[in-house]
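Observations on chain architecture
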Amino acid sequence: MVSAVAPADRRLRRRRRTARAKWLAGGVAMWTLALLFLAPFAWMLSSSLKPDMDVFAVPIQWLPADPRWSNYTRVWTGAHSMVHYFVNSGYVVVARVVGEVTLAALAGYAFGRLRFRGRNLLFLVFLATSIVPAQLLLVPRFMFFREIGLYDSLWALILPSLSSVFGTFLLRQHFASAPAELGEAARIDGANEFQIFLRIYLPMARPILAAYAILVFDASWNDYETPLVMLSSDEKYTVPLGLTRFISDDGTVSAALSMAGSVSSVVPILIFFLIFQRHFLKSMARAGLR
Amino acid sequence: MSVATKAGPEPSARPTAPAKKGLVNGMRWWVPWLFVAPSLLGLIVFLLVPLIGGLLISFTEWDVISGLDGINWVGLANFETLLGDEQFWAATWRTVIYAGASVPLTVLLGLGLAMALNRPLPGRAALRVIFFLPAVVNVIAIGSVWLLLLNPTSGLLNQGLRWFGWDSPPGWITSPDSALQALILMAVWGGSGYISVIYLAALQEMPQELYEAARLDGAGRIRQFVTITWPALLPMTTFLTITQIIGRSQTFGLIAFMTSGGPGDSTTVLSYYMYQNGFIYYRFGYAAAMGVMSLLAVLVLTLLLWRFQRGRTLYGEEDRDG
Amino acid sequence: MFAQQISRRALIGGAAAVGAALLAGCGKEEQGPSRGSSGEGVLNVWGALTLDRGVGALLDAFKKEHPGIQVNYTQFTNNSDGNLKLDTSLQGGAPVDVFFSYGPQSVSRRTAAGYARDLTDLAGSDEVAKQFTATDPQLTALFDGRLFAIPTVYNPYLVYLNQDMLDAAGITVPEDWTVQEFHDIAEELCGGAYAEFATYKTLAIATMGLGGDAQVTPDGTSSNFDHELWRRQYELELAMERDGTLFPITRVLAEKVDLYAQSYFLSGDHAFYLDNPATLRFVKDQENYPHDFRTTFRPMPYLERGREQWNQGGYEDSVQISAKTKYPEAAWTFVRYWLGAGAEQLLTAGKISPAGMPAPGAGADALLPGLLGDARDDLFDVEAFTRVAFAEDMKLSVTTHTAGLSEIGTIRKSLDEQLRLGEISVDELLTQLKEQADAAIAKDLETNA
């Protein structure tokens with residue numbers, strides 16, 4: 001018996017060792033690759049602390065010799081600070097994340113879990129709408145919004161995006177693969193369809209909802225074209241449009257200020273991502289325990 | 001906010017036995033429609049209406065600036081001109097190359113990243129954020145860093161290529177022969193992180209029991225991937241491929257910043273050519289006609305991919321069942 | 001503060017409205033009755049100059065002088081996106097009373113669409129604006145002899161030169177230097193390693209000889225690229241690209257130079273910089289562009305010594321008054337103020353109002369603090385600037401034919417890149433340019449016929 005245990009133990013230890021080596025090797029490879037993905041952000045950070053002339057200088061100086069923090073004070077406290085752009089963007093983003101996730105979950109659930117006549121055809125129509133080129137819609141949308149009085153209003157940014165084909169698909173895929181038995185059991189217990197959706201299937205969808213929320217946050221926070229066409233007054237501008245303030249009339253860019261503004265604008269997304277990242281991990285841990 | 005709270009339909013359908021009259025699968029026929037209604041309404045109002053507008057514009061000669069009075073109906077003239085427009089066909093071909101090369105590579109790299117990030121790694125949480133970064137950093141920053149990387153003499157990329165023994169590496173965006181390749185490279189880099197977030201979410205939902213069962217059967221990693229992971233991810237892959245094709249065929253910002261369609265016309269893809277005709281030359285009718293053409297092209301492509309995927313999944317499911 | 005809520009009725013009503021509008025083709029707003037007076041009104045002004053470049057100060061000063069007129073200034077970037085925004089607003093998206101149009105194509109497009117008020121009579125009664133209604137010499141674009149846009153900036157092209165570099169090389173640049181001397185000095189500076197490259201831009205030879213309409217034949221119906229001066233222009237450019245005096249195209253492309261070309265001059269790498277006075281603001285900006293050499297000025301090189309020629313700069317940044325404005329009189333008050341009393345606030349941005357032009361021989365002392373800043377004696381050859389910028393023989397160019405103009409711009413950029421990269425020859429460039437530009441002009445003329 002003793003002789004039987006010892007090799008198994010050794011094998012286990014060896015397997016642990018190789019797992020650890022793999023863990024390390026994978027880490028080195030991934031972090032090297034990560035540097036390439038980190039570079040633009042590092043460049044923004046470094047440029048935001050330079051005088052304009054040095055921003056595009058070749059070869060690049062990654063650590064500015066004399067960091068100019070004043071670029072940030074100018075962006076935030078100057079005569080035209082960026083605060084109200086952030087407030088506007090925050091408003092749009094909250095409305096869009098809540099709205100888009102809700103609508104996509106509802107529609108995705110119907111397409112994935114409920115059976116009704118015309119479902120597949122309707123779903124195809126839904127998907128088909130996503131292939132319309134945005135540039136084709138720009139001008140008519142502008143004219144339409146002007147007619148209904150939404151021009152130069154933040155709702156012009158929120159309303160058109162609420163129905164998301166992408167989100168609907170993402171959640172349909174999720175709900176379609178969820179186990180049917182749970183809903184049937186609840187139905188026998190007297191729950192109605194909406195209760196089944198809300199109490200049973202929706203909580204299970206948390207990781208995918210979180211992932212989708214991140215994508216919506218990202219898309220709405222960075223949306224440039226829609227506000228460009230739909231907004232005209234500075235007090236309604238969102239962050240990406242506010243950043244164009246650093247491009248002067250003749251197209252020259254105050255690159256340093258623009259980057260100080262850009263770095264500031266990326267921070268909220270990163271925070272949001274980090275928060276929901278934990279959510280991913282938690283659901284991972286749960287999956288592991290099961 | 002009001003939108004969000006209003007959106008949920010009232011809990012209305014009483015629980016009933018499946019046999020009751022007027023019910024489909026145990027609920028009233030309109031219950032599913034309540035779930036779909038908010039999204040459907042949004043699509044009709046904010047997409048269908050402008051789309052009809054766009055279609056109408058494609059039958060006109062219009063500079064937008066002269067208002068609705070200045071619309072000049074020309075029937076199919078724009079489409080006729082398009083068919084004979086060499087630049088249009090050249091731009092279309094460039095778009096096909098650009099999307100055709102970048103989309104599969106992006107999706108594959110995204111999948112690879114997601115699989116790697118789904119395994120234990122030092123600093124995994126941080127890595128996940130980092131690979132997602134390109135999706136949140138603005139175009140000017142991304143473009144500027146790539147200008148540094150792609151610089152034909154001092155750029156990291158060509159220094160690396162020379163180190164590997166390539167004496168005259170490509171000029172990237174400074175040469176008409178390689179500018180499109182440079183943009184493809186950037187597209188793959190920029191899109192894969194985004195794709196990996198979605199794949200990662202899907203991977204985390206994979207039932208672990210399947211893998212355990214496969215391991216007990218003695219299946220290796222590759223076999224596990226081929227028999228379990230890939231079939232399960234196939235619908236997602238198809239969808240991501242389609243959305244990426246759509247996205248890539250509309251790529252504009254990065255091209256405008258990096259090359260403005262040049263050198264020469266070497267990176268004037270369809271979306272850029274459309275932009276030039278609409279927003280620079282003020283030929284909005286002509287630009288809309290191009291939009292309609294690319295809409296039709298993508299529609300056909302999507303239907304093909306969709307059919308292909310449906311066939312595959314059915315096959316896959318049968319395989320698993322059997 | 002935030003957007004108004006919208007009701008379902010508004011949505012449905014809107015959908016109906018847009019449908020009806022598309023069917024009936026009635027989208028234009030009714031023209032309201034004139035309100036206000038020359039001292040009273042609410043004006044929405046759209047311009048590209050940012051507030052920190054003097055516009056803020058101008059608006060403050062205007063407010064003090066005309067408390068009855070409220071001005072809301074909207075800044076738009078002068079690129080295709082920004083101009084589209086203004087165009088859509090002009091169409092009725094947002095109120096616009098006074099707006100700036102940059103470049104002949106914008107002016108003519110907005111004028112042709114009927115968005116601009118005829119200013120001929122008003123301008124005729126104004127000391128400064130009067131000169132723009134004239135046809136001999138014609139200083140700006142007129143439409144059927146009428147004036148719809150008044151230029152607000154005197155914008156000649158100058159050659160900025162690095163004086164210290166010239167001193168080190170022992171070179172004196174004559175005031176009436178020729179194109180040949182320009183090229184020779186460039187070679188000398190690069191050959192002696194005083195400069196990495198001589199210049200970022202090449203010379204607009206054709207415009208020098210033919211004026212603002214150099215791209216088209218006199219009647220404007222076809223392109224003029226078979227003119228001998230165009231060949232000369234592209235041959236010079238190619239020669240300078242090859243002998244290394246011109247900043248090479250590969251670096252232009254690789255480094256995205258169009259955003260910050262002035263950096264190379266101010267870092268001392270380039271000997272010359274060819275631009276209008278707008279670049280003065282970078283030269284005097286020691287915080288962002290620290291440098292320790294003195295900048296001097298010369299006129300654009302001459303095609304032929306002693307012969308008068310065109311300057312590729314012009315009277316630019318044209319202001320227009322909306323045809324729909326409810327306060328035309330207040331708008332005119334504002335335009336006059338921008339051109340006149342307010343203009344000194346814009347000097348810091350390098351914008352010289354035609355009204356502020358010094359009389360011949362009078363010196364420009366009043367303009368210098370604003371244009372060149374407080375450290376002007378250290379940074380500039382002030383005397384040379386005055387002499388060159390306000391030269392008596394300055395003949396600014398005017399562009400009156402705008403058909404196909406922006407498309408020709410795209411075509412030229414594309415072919416120019418191919419030429420400098422060695423993909424095509426000058427002959428091939430000229431043949432293709434002529435052919436494509438003719439097509440672009442024909443297309444535009446046909447559409448607008």
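Residues numbered from 1 in each chain as written. Chains lettered and ligands numbered in written order. Predicted model: local features only at pLDDT ≥ 70, side-chain atom pairs only at ≥ 80, totals over all residues.

Details of the overall build of chain B
Looking only at helices and strands, one finds 13 helices and four strands in chain B. Out of the 322 residues belonging to chain B, those deemed buried represent 48%. Relative to all contacts within chain B whose residues are 6 or more apart in sequence, the contacts with residues 24 or more apart total 66%. (Helix = DSSP H or I, 4+ residues; strand = E, 2+ residues; numbered from the N terminus. Buried ≥ 20, exposed ≤ 12 C-beta atoms within 10 Å, placed from the backbone. Contact = placed C-beta atoms within 7 Å.)

Looking at the overall build of chain C
Looking only at helices and strands, one finds 18 helices and eight strands in chain C. Over its C-alpha atoms chain C spans a radius of gyration of 24 Å, differing by no more than 12% from the 22 Å that the globule rule assigns to 449 residues. By the burial criterion, 51% of the 449 residues in chain C qualify as buried. Intrachain contacts of chain C at a sequence separation of at least 6 include 79% that bridge at least 24 residues. (Rg over C-alpha atoms; globule rule 2.2 N^0.38 Å.)

Some details on the interface of chain A and chain B
Contacts between the two partners involve 78 residues from chain A and, on the opposite side, 84 residues from chain B. With 14 residues, helix α14 (residues 255-289) of chain A is the single largest residue contributor to the side of chain A that touches chain B.

Regarding the sheet that holds strand β5 (residues 158-162) of chain C
All names here are of chain C. With antiparallel pairing, three strands are arranged side by side in an open sheet as β6-β5-β7. Two strands bound the open sheet, and with one partner strand each, they are β6 (272-275) and β7 (295-298). Each adjacent strand pair in this sheet contributes to an overall mean axis angle of 30°, direction not counted. Pairing of β5 with β6 involves four bridges; the strand directions are antiparallel. Residue pairing across strands places Leu158 opposite Asp275, the latter belonging to β6. Against the sheet, helix α16 (residues 382-389) touches β5 and β7, its axis set at about 25° to β7. (Pairing = 2+ DSSP bridges. Axes fitted to C-alpha atoms, helices over the stretch in contact; angles between N-to-C directions.)

Observations regarding the pairing of strand β3 (residues 98-101) of chain C
All names here are of chain C. Here β3 shows a buried face lined by Val98 and Phe100 and a second buried face lined by Phe99 and Ser101. Direction of pairing for strand β1 (residues 41-47) relative to β3: parallel, over a ladder of two bridges. Bridge assignment links Trp46 to a residue of β3, and that residue is Phe99.

What to know about the sheet that holds strand β8 (residues 314-321) of chain C
Residues and elements named next belong to chain C. Pairing in this open sheet of five strands is mixed, and the strands run β2-β1-β3-β8-β4 from one edge to the other. Looking along the sheet, the strands with just one partner apiece sit at the ends: β2 (69-75) and β4 (150-155). Taking each pair of neighbouring strands and ignoring which way they run, the sheet shows an average axis angle of 20°. Sitting on the sheet, helix α13 (residues 328-339) is in contact with β1, β2, β3, β4 and β8, with an inclination near 160° to β8.

Focus: helix α10 (residues 221-249) of chain B
The terminal C-alpha atoms of α10 of chain B, which comprises 29 residues, lie only 35 Å apart, well short of the 42 Å expected from a rise of 1.5 Å per residue. Largest kink in α10 of chain B: about 50°, centred on Leu234 of chain B, with the proline Pro235 of chain B one to four residues after it. (Expected span 1.5 Å × (residues − 1). Bend = angle between axes of the 7 residues up to and from the residue.)

Focus: the confidence of the model for chain B
All names here are of chain B. Scored by pLDDT, chain B has a mean of 81; 87% of the residues are at 70 or more. For chain B, the element scoring lowest by mean pLDDT is helix α1 (residues 2-7), at 35; helix α4 (residues 86-117) scores highest, at 93. Under a pLDDT of 50 for its full length, residues 1-22 has, in the predicted model, 38 contacts with residues more than four places off or in other chains. Under a pLDDT of 50 for its full length, residues 313-322 has, in the predicted model, five contacts with residues more than four places off or in other chains. (pLDDT = per-residue confidence, 0-100.)

Some details on the domain arrangement of chain C
Interfaces are frequently sized by the accessible area removed from exposure as the parts join. Residues and elements named next belong to chain C. Considered domain by domain, chain C is made up of domain 1 (32-154 + 315-357) and domain 2 (158-311 + 370-448). Of note, the centres of domain 1 and domain 2, computed from C-alpha atoms alone, are 29 Å apart. Counting residues at the interface gives 15 residues for domain 1, matched by 15 residues for domain 2. Considering each element in turn, the side of domain 1 that touches domain 2 owes the most residues, three residues, to helix α4 (residues 104-112). (Domains from an automatic or database assignment.)

Some points on the nonpolar core
The nonpolar side chains of a soluble globular protein tend to be buried, and buried together. In this structure, Tyr212 and Ala213 of chain A, Leu183 of chain B together with Phe334 and Val335 of chain C are the most contacted members of the largest nonpolar core, which totals 297 residues. The element contributing the most residues to this core is helix α8 (residues 179-204) of chain B, with 18 residues. When residues no more than four places from it in sequence are discounted, the contact partners of Val335 of chain C are Val98, Ile150, Val319 and Ile321 of chain C. (Core = buried A, V, L, I, M, F, W, Y, C linked by C-beta atoms within 7 Å.)

Digging into the packing of helix α9 (residues 208-216) of chain B against α10 of chain B
All names here are of chain B. The geometry of α9 relative to α10 is characterised by a closest axis approach of 11 Å and an angle of 145° between their N-to-C directions. The two elements α9 and α10 meet at a crossing, and its hand is right-handed. Contacts from Leu210, Tyr211 and Ala214 in α9 reach Gln224, Thr227 and Ile228 in α10. Partitioning the contact of α9 with α10 into residue classes produces four nonpolar, two polar and no charged. (Left-handed = near helix turned anticlockwise from the far one by under 90°. Nonpolar A, V, L, I, M, F, W, Y, C, P; charged D, E, K, R; others polar.)

What about helix α2 (residues 55-65) of chain C?
All names here are of chain C. Taken residue by residue, α2 has Val55, Leu58, Leu59 and Phe62 as its buried positions. All buried residues of α2 fall inside an arc of 95° around its axis, so they share one side. Here the buried face of α2 lies against β1, β2 and α13. (Arc of directions from axis to C-beta.)

Observations concerning the confidence of the model for chain C
Residue and element names in this part refer to chain C. Taken as a whole, chain C shows an average pLDDT of 87; of its residues, 90% reach a score of 70 or greater. Across residues 1-32 the pLDDT falls below 50, and counting only partners more than four positions away or on other chains, this stretch makes 40 contacts in the model. The complex prediction reports pTM at 0.81, with the ipTM value standing at 0.78.

Observations concerning the environment of Ala168 of chain C
Turning to its location among the elements, Ala168 of chain C is positioned in helix α6 (residues 163-169). In this structure the C-alpha to C-alpha distance between Ala168 of chain C and Asn224 of chain C, which are 56 residues apart in sequence, comes to 42 Å.

Quick word on the environment of Val216 of chain A
Residues and elements named next belong to chain A. Along the polypeptide, Val216 turns up in helix α11 (residues 206-222). In sequence terms Val216 and Ser232 are 16 residues apart; their C-alpha atoms lie 24 Å from each other. Ignoring any residue separated from it by four or fewer positions in sequence, one finds Val216 in contact with Arg96, Val97, Glu100 and Val101.

Description of the packing of helix α5 (residues 119-129) of chain A against helix α8 (residues 165-176) of chain A
Residue and element names in this part refer to chain A. In the contact formed by α5 and α8, the axes pass within 9 Å of each other and the chain directions differ by 135°. Judged on the interaxial angle alone, α8 and α5 are oblique. Contact residues: Phe126, Leu127 and Thr129 in α5; Val165, Thr168 and Phe169 in α8. Looking at side-chain class alone, the contact of α5 with α8 contains four nonpolar, two polar and no charged residues. (Parallel < 35°, antiparallel > 145°, perpendicular 65-115°, else oblique.)

Some points on the environment of Val145 of chain B
Take Val145 of chain B: it is sitting in helix α6 (residues 139-150). For the pair Val145 of chain B and Ala99 of chain B, spaced 46 residues apart in the sequence, the C-alpha separation amounts to 22 Å. Val145 of chain B has contacts with Ala39, Pro40 and Trp43 of chain A, leaving out every residue within four places of it along the chain.

Some details on unusual backbone geometry
Cis geometry is adopted by the peptide bond preceding Pro137 of chain C, which originates at Asp136 of chain C and carries an omega value of 0°. Relative to the elements of secondary structure, Pro137 of chain C occurs in the loop between α5 (120-124) and β4. For Trp172 of chain B, which is not a glycine, the phi torsion comes out positive at approximately 50°. Phi is positive for Asp144 of chain C, which is not a glycine, with a value near 50°. Position of Asp144 of chain C relative to the elements: it lies in the loop between α5 and β4.

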